[in-house]
Structures are given as C-alpha cells and as structure tokens.
Amino acid sequence: MKYVPHTFAIGDTIEGVIRLHNSHAMSARAAGVFMAFYNRQNGTTVPLLGQEVQIPVDVRIAKIEPG
C-alpha cells in the first residue's frame, strides 16, 4: 500500500479523504479495508484541522498522476 500526505481541512472526514485520493465509487467494504490501513499508519485518533496524516492509496484505482 502506498501512502500520500493530506492536510485536513474544514469538512474533511477520514473516509471522504480516502475516497478522494482513491475512488468515490469505492464500496463500503473496500473503504473499511482502507480505514484499517489508515489506522495502522496514523493511529485511531480523529485528525484536527490543519493536521497532516498519511492516506492509504491503491495505485490501481487511485487518481494519481504518474511521476
């Protein structure tokens, strides 16, 4: 699993940010798997406004430009 940094803004949710960096069409089951990876990397605390966390990204479905 690859991780990308994300700084939390007003209105961000962990699941929403995971979907943003991967796919909005992600199933609830897949989102749960990504949430487990997120928790392993960042802990289980809810991020605060302006806090940077590492978001799990699957390059097979992610909206990442090559580079």
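Report follows, based on the coordinates. Because the structure is a prediction, the values reported are computed rather than measured. (Residues numbered from 1 in each chain as written. Predicted model: local features only at pLDDT ≥ 70, side-chain atom pairs only at ≥ 80, totals over all residues. Heavy atoms only, no water.)

Structural notes on the nonpolar core
Inference 1: In this structure, Phe8, Ile14, Ile18, Met26, Tyr38, Val53 and Ile55 are the most contacted members of the largest nonpolar core, which totals 13 residues.
Inference 2: At the level of elements, α1 (14–21), α2 (28–42) and β2 (52–57) are the ones that each hand at least two residues to this core.
Inference 3: Each residue touching Tyr38, except ones within four places of it in the same chain, is listed here: Ile14, Ile18, Gly43, Pro47, Val53, Gln54, Ile55 and Pro56. (Core = buried A, V, L, I, M, F, W, Y, C linked by side-chain atoms within 4.5 Å. Buried < 20%, exposed > 50% of the residue type's maximum accessible area, 1.4 Å probe, protein only. Helix = DSSP H or I, 4+ residues; strand = E, 2+ residues; numbered from the N terminus. Contact = heavy atoms within 4.5 Å.)

Observations regarding α1
Inference 1: The complete set of buried residues in α1 reads Ile14, Val17, Ile18 and Arg19.
Inference 2: Against the buried residues of α1 lie β1 (2–7), α2 and β2.

A look at the packing of aromatic side chains
Inference 1: Tallying each qualifying case throughout the model produces 0 aromatic pairs.
Inference 2: It is Arg40 that lies over the ring of Phe37; its NZ or CZ is 4.9 Å from the centre. (Phe/Tyr/Trp six-rings, centres within 6.5 Å; stacked < 30°, edge-to-face > 60°. Lys NZ or Arg CZ within 6 Å of the ring centre and 35° of its normal.)

Quick word on the pattern of salt bridges
Pairing is possible between side chains that carry opposite charge, provided their charged atoms lie close to one another.
Inference 1: Tallied over the full model, the rule gives 2 salt bridges.
Inference 2: Here Glu15 makes a salt bridge to Arg19, at a shortest N to O gap of 3.0 Å. Placement of the pair is Glu15 and Arg19 together in helix α1, with a separation of 4 residues, close to one helical turn.
Inference 3: Given a relative accessible area of 35%, Glu15 falls into the partly exposed group.
Inference 4: Of the charged contacts in the structure, one is a salt bridge between Arg60 and Asp58, with a shortest N-O distance of 2.7 Å.
Inference 5: Owing to a relative accessible area of 15%, Asp58 belongs among the buried residues under this scheme. (Salt bridge = Lys/Arg side-chain N within 4 Å of Asp/Glu carboxyl O.)

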